[in-house]
Structures are given as C-alpha cells and as structure tokens.
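Residue-level listing of the chains:
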Amino acid sequence: MKLDPVSLRLFVAVMEEGSIAAAANREHIAPAAASKRMSELESALATRLFERSNRGTRSTPAAHALLGLARNVLNGLDDIAEQMAGFGTGLRGHVRVFANISAITQFLPDDLRSFMAAAPMVQVHLQERISTAIARAVADSTADIGILNAGDYGDSLTFLPYCADELVLLVPRGHALARRRRVRFREALAYEFVGAHPGSAVNAMLHRAANEAGLPLRLRIQVSAYDAMAVMVAAGLGVGVLPRLSARLYVSSLGIRTVSLDEPWAHRQLVLAVRSIEALSPAARMLADHLGDASRRGVEEPPDGAP
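Calculation notes
- Residues numbered from 1 in each chain as written.
- Predicted model: local features only at pLDDT ≥ 70, side-chain atom pairs only at ≥ 80, totals over all residues.
- Heavy atoms only, no water.
- Phe/Tyr/Trp six-rings, centres within 6.5 Å; stacked < 30°, edge-to-face > 60°.
- Helix = DSSP H or I, 4+ residues; strand = E, 2+ residues; numbered from the N terminus.
- Buried < 20%, exposed > 50% of the residue type's maximum accessible area, 1.4 Å probe, protein only.
- Arc of directions from axis to C-beta.
- Contact = heavy atoms within 4.5 Å.
- 1 Å grid on protein atoms, 1.4 Å probe; cavity = no way out; pocket = protein on both sides within 12 Å on 5 of 7 lines; lining within 4 Å.
- Points joined across faces, edges and corners; volume = space filled by probe spheres on them.
- Nonpolar A, V, L, I, M, F, W, Y, C, P; charged D, E, K, R; others polar.
- Polar contact = N/O pair within 3.5 Å; in protein donor to acceptor, adjacent residues only side chain to side chain.
- Salt bridge = Lys/Arg side-chain N within 4 Å of Asp/Glu carboxyl O.

Following the criterion strictly, the structure yields five aromatic pairs and no others. Taken together, a centroid distance of 6.0 Å and an interplanar angle of 55° make the contact between phenylalanine 11 and phenylalanine 50 tilted. Placement of phenylalanine 11 in helix H1 (residues 5–17) and of phenylalanine 50 in strand S1 (residues 50–53) is noted, with a sequence separation of 39 residues between them. We classify phenylalanine 11 as buried; its relative accessible area is 0%. Three or more aromatic residues joined by ring pairs form one cluster here, namely Phe185, Phe193 and Trp265.

Quick look at the structure:
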C-alpha cells in the first residue's frame, strides 16, 4: 500500500473544513481533483471514508479513526523536514576536530563555548594530537577540522589563520633568570630543561634552536602534558618552554614565573586545516567560520613586571 502525503494532507483538510470543495480551496487544488484523490485514498485503504449523497459528503467512523493517524504521519514528516533542514543549514550535525595542546589550553575553551551557545544542536568531538598527526588526520578525512602550528604539511590541505601564539620560558621562583623580563634562548641553554614529549612541535623547535646556537639542549626530563611540565619546573628540576597563555594557568598556583624569549621563532601562528572549504559539511563550515572570526585575536605583551 502506497499512501500519498498530499492526499493525506488533503484528507485532513476535508475533515477540518467539512467539505471537499472547501478543502480544495484551502489546499489550492481543483475540486474535481480533490474528489478524485479522496476516491483513490479510499481505494488504497479499501475503506469507505465518506458517504456521498445529494445533501453532500458525510465522514464515516473510519474517517475519524484515520484523522488521528494521518495527523501523526504528517507531523512526523514535518519533523523530518525540519530536522533535515537543520542539517542542511548547519544547525545540526557533528564536527570532528583535532587540535594541538596549545590551541586546547589557550583558545578553544572560549571559542567552543561561544560556538555551542550559538549552535547548540551541533556536536563537536575534540581530540588532542600533535601537529603532524593532525595534518594527517585531516588529509585522510579522520578529522573535519585541524588546529595546528603553521608549517609545511604538503599540498593536500587548505590553511586558514586562527590565533597568534607566543612561547615563553618557565622558571622557578628564585631562579637566576626569574627577574629578567626578556632573555635570549642561548642564555637559557646554560640550564637543564624540562622538555616536552618527543615528536611535539615545541620539542623539535628547541632542538633546532639549540643546534643553531651551537649549544647542547640538556633535557633532564621529558613530559607529555603542560601541567606536568609546570609542576616539574616548580620543583626545581629545570626550566621549560610553554605558550604564554597556557603558562598563566600555573604561575600563581605554583609560584613560578614566565620570561619572554627574545627569539623570532617564539612567536608562532596557529592555523585551521581543512581538506577544502567546499568539502566541509554545513556544520563544519559554520564552526570553521566561527573559529576564523577569532583569527583577529593575538597574544598581548604583558605589562612590565607581570609574571
């Protein structure tokens, strides 16, 4: 049995208007066509819905039973259309985001909070990865959007600006460099480091900078999380390098200080990576546009004397 939603909607109109002619006028259809559709509906259901006579059309008990069923079906179809329209406009859906720890600890909490307030039916699935893994995940469609350090990741991705990021030196209170506002990296190399885990962008950058300075990078310990690095620095096990806004989370609670690095490489750019703008789903495109609006934000220089 195939039931036509148009005929069901017309049937509901007949029941509500009390006549086929009035229902045809409401649904903008010729009365003869409306009458034909009602006859076809009766044939499809093998049930008489209307008693026709010279005095007009009278609904049968079967018609009253069908009325509730038809309304439920039509409401369900309207719900489907509404929800699918939500997907089409980006109001619903899910977006897979891979981001590095710098983005997650500094910028994404506020950006995702404001996005989810504006699009509460969009689910964002966020995973932390290092930048190289993020680029691979976006390229092979494991992630819809990646947030990573700017760099050379091949030609298969499209990059959009996100946020400026500054690396700073993290030192224990009372350290010889704690009173300095700014230092060169070669000065910091006189001390042992609490390093980031192998494979991280910061770890690679520090090794490259040490090689360029012609000095060894003495890693006393390597950790995989920013909070672990901050705790180790506070314990006096070495100095570390963290993004400025991430380091601020630990300065007051652990009694450590940040010192600006007077090096061009300390100023980095975080970017959004996608396969292509056109390939994004409406929900992913909405999130990419929202995050792109944050690209005007930069990292401000702290006032003199600030930790």
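Now for helix H11 (residues 244–254). Residues spaced three or four apart along an α-helix point in a common direction, a consequence of the helix completing one turn every 3.6 residues. Listed as buried for H11 are Arg244, Ser246, Ala247, Tyr250 and Val251. Buried residues along H11 cover an arc of 145° about the axis, so they all sit on one side. In H11, those exposed residues whose orientation departs by more than 90 degrees from the buried face are Ser252 and Ser253. For H11, the elements touching its buried residues are helix H5 (101–106), strand S6 (158–172), helix H10 (226–234), strand S10 (240–243) and strand S11 (256–261).

Its boundaries defined by the atoms lining it, the largest pocket holds a volume of some 250 Å³. In terms of lining residues, the largest pocket is bounded by 16 residues, among which Asn149, Ala150, Tyr153, Ala201 and Met205 are the most central. Sorting the residues of the lining of the largest pocket by element identifies helix H7 (131–139), helix H9 (201–213) and strand S12 (267–274) as the ones contributing at least two each. In terms of residue count, H9 provides more of the lining of the largest pocket than any other element does, four residues in total. Looking at side-chain class alone, the lining of the largest pocket contains six nonpolar, seven polar and three charged residues.

Attention shifts here to the environment of serine 253. In this fold, serine 253 is placed in helix H11. The exposure class of serine 253 is exposed, given its relative accessible area of 55%. In the structure, serine 253 is positioned 19 residues away from alanine 234 in sequence and 10.0 Å away in space, judged by C-alpha atoms. A polar atom in the side chain of serine 253 sits 3.4 Å from the backbone oxygen of tyrosine 250.

The next subject is the pattern of salt bridges. Two side chains bearing opposite charge may form a pair once their charged atoms approach each other closely. One pass over the full model with this rule turns up 16 salt bridges. Between aspartate 110 and arginine 113 there is a salt bridge, and its shortest N-O distance comes to 2.9 Å. Remark: arginine 113 and aspartate 110 occur in helix H6 (residues 108–118); sequence separation between them is three residues, near one turn of the helix. Here glutamate 166 and arginine 244 are joined by a salt bridge, their closest N and O atoms 2.9 Å apart. You can see glutamate 166 sitting in strand S6 and its partner arginine 244 sitting in helix H11, a full 78 residues away along the chain. Its relative accessible area of 3% is what places glutamate 166 among the buried residues. If you follow the salt bridges from partner to partner, you end up with Glu16, Glu17, Arg26, Glu27 and Arg71 in one network.

On to the side chain of serine 131. Here serine 131 is to be found in helix H7. With a relative accessible area of 7%, serine 131 lands in the buried category. Within the local environment of serine 131, its side chain forms a polar contact with the side chain of asparagine 100, the two groups lying 3.5 Å apart. Non-local contacts of serine 131, meaning those with residues more than four positions away in its chain, are made with Asn100, Leu148, Asn149 and Tyr153.

As a further point, take empty space enclosed by the protein. Applying the stated criterion to the full structure yields one cavity of 30 Å³ or more. Lining the largest cavity are 20 residues, and of these Ile101, His197, Ser200, Ala201 and Tyr226 sit closest to its centre. For the lining of the largest cavity, the secondary-structure elements that each account for two or more residues are H5, H9 and H10. Looking at side-chain class alone, the lining of the largest cavity contains 10 nonpolar, seven polar and three charged residues.

Mapped onto the elements, aspartate 111 comes out in helix H6. Its relative accessible area of 7% is what places aspartate 111 among the buried residues. As for aspartate 111 and serine 276, which are separated by 165 residues in sequence, their C-alpha atoms are 22 Å apart. Only 2.5 Å separates the side chain of aspartate 111 from the side chain of tyrosine 162, close enough to count as a polar contact.

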